[in-house]
Amino acid sequence: MLKKAWSIIRWTFVLLFASSILAVIAYRFVPVMATPLMFIRCFEQIGDGESIKLHHSWVSLDEMPASMPVAVMASEDQNFLHHHGFDYGAIERAARENMEGGRIRGGSTISQQTAKNVFLWPGRSWLRKGLETYFTFLIELFWSKQRIMEVYLNSIEMGDGIYGVEAVAEQHFNRTAGELTKADCALIAATLPNPRRFNSGSPGRYMKKRQQWILRQMKAIPAFPE
């Protein structure tokens, strides 16, 4: 019985390992039309007695303004083009600030956020963090930086029930993603990583101040490669 149980466990892990790699390879070519977070938010809305809000449309990276990837790099991950999934300097700075009692922040890169958004669930458990590391390694191995950015900008939460650049452009700016201005892109980036608290459609003083900071940072960020 123990031998049989061990065989089942072993093959289960083999199956999960193989399916995870196949999923990552598939998403190298196939648009990500839904993520675990989208379903979680829908169930939360139902549980709160609200109607379901889910706005999401996939657009390719070349349909977005060139300023959009530059804005999120300026805001979230200025070393995105240079690291291999993990920015150890940012992690160290975040840990130091947290220990000193400053604003609680993470050191997650755009690659890590993409891995979490597409394959995992929100949370801070060691299991989820370990799986995030695993999937970050896989997407950095099998995807290009352009593909990681494309999936990130299409899957990230950008408002209440709003996912991706096209949806936030329609819901908050009444235009398509391709029509967003440089200032719009900086304002959208300014909502991250807390887009349900900060609304790019009705920015307050803090949001506008952060938008201006991002616009200044964008001058030092190279154009995103095609």
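This write-up is about the structure you can find in this document. (Residues numbered from 1 in each chain as written. Predicted model: local features only at pLDDT ≥ 70, side-chain atom pairs only at ≥ 80, totals over all residues. Heavy atoms only, no water.)

**Quick look at the overall build of the protein**
When helices and strands are counted, the protein shows 10 helices and three strands. The order of helices and strands in the protein, counted from the N terminus, is α-α-β-α-α-α-α-α-β-β-α-α-α. In terms of C-alpha radius of gyration, the protein reaches 19 Å, essentially the compact-globule figure of 17 Å for 226 residues. With respect to the principal axes defined by its C-alpha atoms, the protein has extents near 65 × 40 × 40 Å. The buried share of the protein, taken over its 226 residues, is 45%. Once local pairs closer than 6 in sequence are excluded, the contacts in the protein between residues at least 24 apart make up 70%. Counting every atom, the protein has about 12800 Å² of accessible surface; 60% of that belongs to carbon and sulfur. Of the charged side chains in the protein, 26 are positive and 21 negative; the average position of the first set lies 6 Å away from that of the second. (Helix = DSSP H or I, 4+ residues; strand = E, 2+ residues; numbered from the N terminus. Rg over C-alpha atoms; globule rule 2.2 N^0.38 Å. Buried < 20%, exposed > 50% of the residue type's maximum accessible area, 1.4 Å probe, protein only. Contact = heavy atoms within 4.5 Å. Areas by Shrake-Rupley, 256 points an atom, 1.4 Å probe, with all protein chains shown as cover. Lys, Arg positive; Asp, Glu negative; His and termini not counted. Charge placed at Lys NZ, Arg CZ, Asp CG, Glu CD.)

**So, helix α7 (residues 145-155)**
For α7, the tally of buried residues reaches 10 of 11 residues, placing the bulk of the element in the interior. Within the span of α7, buried status applies to K145, R147, I148, M149, E150, V151, Y152, L153, N154 and S155.

**Points about unusual backbone geometry**
Cis rather than trans, the peptide bond between L192 and P193 has omega equal to 10 degrees. Here P193 is to be found in the loop between α9 (182-190) and α10 (205-218). The phi angle at N174 is positive, at roughly 55 degrees, despite the residue not being glycine. With respect to the secondary-structure elements, N174 resides in the loop between α8 (165-173) and α9.

**Thoughts on the nonpolar core**
Formed by 52 residues in total, the largest nonpolar core has its most connected members in V72, M149 and L153. Mapped onto this core, the elements with two or more residues apiece are α1 (2-26), α3 (67-76), α5 (110-119), α6 (126-142), α7, α8, α9 and α10. Among residues more than four places away in sequence, those in contact with V72 are D77, I110, M149, Y152, L153, A189 and L192. (Core = buried A, V, L, I, M, F, W, Y, C linked by side-chain atoms within 4.5 Å.)

**Thoughts on the packing of α3 against α7**
Packing of α3 against α7 leaves a shortest axis separation of 11 Å and a crossing angle of 85 degrees. Between α3 and α7, the crossing angle belongs to the class labelled roughly perpendicular. Between α3 and α7, the residues in contact are M68, P69, V72, M73 and E76 and M149, Y152 and L153, respectively. For the contact of α3 with α7, a count of residues per class yields seven nonpolar, no polar and one charged. (Axes fitted to C-alpha atoms, helices over the stretch in contact; angles between N-to-C directions. Parallel < 35°, antiparallel > 145°, perpendicular 65-115°, else oblique. Nonpolar A, V, L, I, M, F, W, Y, C, P; charged D, E, K, R; others polar.)

**Some thoughts on the pattern of salt bridges**
Pairing between side chains of opposite charge can happen when the charged atoms of each approach one another. Tallied over the full model, the rule gives nine salt bridges. When the shortest N-O distance is used, the salt bridge between R41 and E157 registers 2.9 Å. With R41 in helix α2 (residues 36-47) and E157 in strand β2 (residues 157-159), this residue pair connects regions lying 116 residues apart in the sequence. For R41, a relative accessible area of 13% translates into the label buried. (Salt bridge = Lys/Arg side-chain N within 4 Å of Asp/Glu carboxyl O.)

**Things to note about α1**
Relative to the 36 Å expected for 25 residues at 1.5 Å per residue, α1 spans 36 Å between its end C-alpha atoms, a close match to the ideal helical length. Every buried residue of α1 is listed here: S20, I21 and V24. (Expected span 1.5 Å × (residues − 1).)

**Details of a nonpolar patch on the surface**
A surface patch of nonpolar side chains, about 540 Å² in accessible area, is lined by F39, F43, I46, I52 and L54. Relative to the assigned elements, L54 resides in the loop between α2 and β1 (55-56). (Patch = residues over 30% accessible without salt bridge, like charges linked within 9 Å, V, L, I, M, F, W, Y side chains within 5 Å.)

**Focus on the side chain of E150**
When you line up the elements, E150 lands in helix α7. Residue classification places E150 among the buried positions, given a relative accessible area of 13%. Polar side-chain contacts of E150 include one of 2.6 Å to the side chain of R147. Not counting residues within four places of it along the chain, the set of residues in contact with E150 comprises W58, V59, S60, L61 and M64. (Polar contact = N/O pair within 3.5 Å; in protein donor to acceptor, adjacent residues only side chain to side chain.)

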